[in-house]
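Chain by chain, the residues run as shown.
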Amino acid sequence: MDHFSLRDGVMHAEDVPLTRIAEEVGTPVYVYSRATLERHARVFRDALSALPRVHIAFAIKANPNLAVLRVLSREGFGADIVSVGEMKRALASGMAPADIVFSGVGKTRDELREALDAGIGQFNIELEEEGVAIAEFARAMGKTATAVLRINPDVDAGTHAKISTGLKENKFGVPIDEAPEIYTRLAALDGLAMRGLALHIGSQIFDLEPIEQAFAKVGGLVMQLRAAGHQIERVDLGGGLGVPYERDKVPPSPAIYGEMVARVTKDWDVTLMFEPGRVIVGNAGVLLTRVIWVKPGVVRPYVIVDAAMNDLARPAMYDAWHDFEAVEPIGERMLANIAGPVCESGDTFAMGRDIDAVKADDLAIFRTAGAYGATMASTYNSRALVPEVMVDGDQYAIVAERVLPDALIAAEHVPNFLND
Ligand code: LLP
């Protein structure tokens, strides 16, 4: 459930008409609903309430906006980070270092040192050499780093190939059959406290079967390592739960996911950690855009909007679907293609879509844009970096400014040797 709905014929975010935001802030602009964020955070937390010990670390990559992080930190969420940049955001939003988990296959040595220095709660180790480096840096600082080993369970998550991470040919984690030896060697290092395992098999998952299989494999490893005398006190189950981009394709609910987790992990006796991203923020955001032209096409018209692939990359990158709705629908429909102004045919949001009838200057939204939306934006074609707004009841605030081309140009330099 979200808080973007029609009232008196005008699409609102909570109590704010999107026409007002478009007028005052301009378009394109991402609009987030605080109430929706809070609701999703609580639904997820409630779904896990039957589990004895739980830590939820929001996957910052899905939406790193400081205001969004502040909402989630107030809901008791920690953070799953994959860079020092994300660590700085987590800390700036008020999250405690101890509630931060550092994932990622390419943490640089500098990043590892900075994270150790900041005292983050857990390193998710992706390869043996990384663990060795963390131990060495920690010893040099007189610290002990808490860590878990990320396992690649070799399970097909059944999602888009570009967001699948749990197959043996993927770059993530250590192969499950090599895990016991690697774990044993890392556990013997001074400076490193190995405390458990982690996995994450992919994103936008609709089928719980492969996740359950992967969890069961890891469960076997928990027992095996414990029998070998290791202290296994936490397992990080990653993120990955899908969201309904299309109304008639409904993913498993957090409650059903929670029941599955409770069933599979009942004998583990560990703290279970979760790294949800999309399921928390996806439906809490829309991309508000204005129609520039409706261009007659040879096959069907092109609705050219002022948002483009640089603002919302998902359709161009993953052929992703985002519902498109008029902000002031007139009750008529049209069959059209929807595209942005960028000079690539890939800058197309939809082909042959049955949509609300729109004309030049009308406002519209792309739904379910709160996850992997603004965070993946670029300035391609020297377009402005898209701004973000958060709505709270009948008020709203700009939570990320539009970065104009002038500011981008000011950060570039023409060297003297080109001035001769
Ligand atoms: N944990 C790890 C280690 C991850 O790699 C990811 C996502 C998550 C948690 C959060 O997954 P979620 O709950 O959001 O599914 N840009 C792509 C998605 C990339 C996901 C990368 N990893 C998209 O727009 O679909």
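Located above this text is the structure these notes cover.
**A closer look at unusual backbone geometry**
Here is step 1: Cis geometry marks the peptide bond from Thr27 to Pro28, where omega comes out at -5°.
Here is step 2: Take Pro28: it is sitting in the loop between helix H1 (18–25) and strand S4 (29–33).
Here is step 3: Of note, Thr368 is a non-glycine position whose phi angle comes to about 55°, a positive value.
Here is step 4: Phi angles above zero are rare outside glycine, and Asn381 is one such case at about 70°.
Here is step 5: Here Asn381 is to be found in the loop between strand S19 (363–366) and strand S20 (388–392).

**A closer look at the pattern of salt bridges**
Here is step 1: Evaluation of the coordinates by the stated rule reveals 25 salt bridges.
Here is step 2: Arg20 is the salt-bridge partner of Glu24, the closest N and O atoms lying 3.6 Å from each other. Separated by four residues within a single helix, Glu24 and Arg20 lie in helix H1, roughly one turn from each other.
Here is step 3: For Glu325, the salt bridge is made with Arg367, and the minimal N-O distance between the two is 2.8 Å. Separated by 42 residues along the polypeptide, Glu325 in strand S16 (residues 324–326) and Arg367 in the loop between S19 and S20 bring together distant segments of the chain. Each member of the pair Glu325 and Arg367 is classed as buried.

Rules and cut-offs
Residues numbered from 1 in each chain as written. Predicted model: local features only at pLDDT ≥ 70, side-chain atom pairs only at ≥ 80, totals over all residues. Heavy atoms only, no water. Helix = DSSP H or I, 4+ residues; strand = E, 2+ residues; numbered from the N terminus. Salt bridge = Lys/Arg side-chain N within 4 Å of Asp/Glu carboxyl O. Buried < 20%, exposed > 50% of the residue type's maximum accessible area, 1.4 Å probe, protein only.

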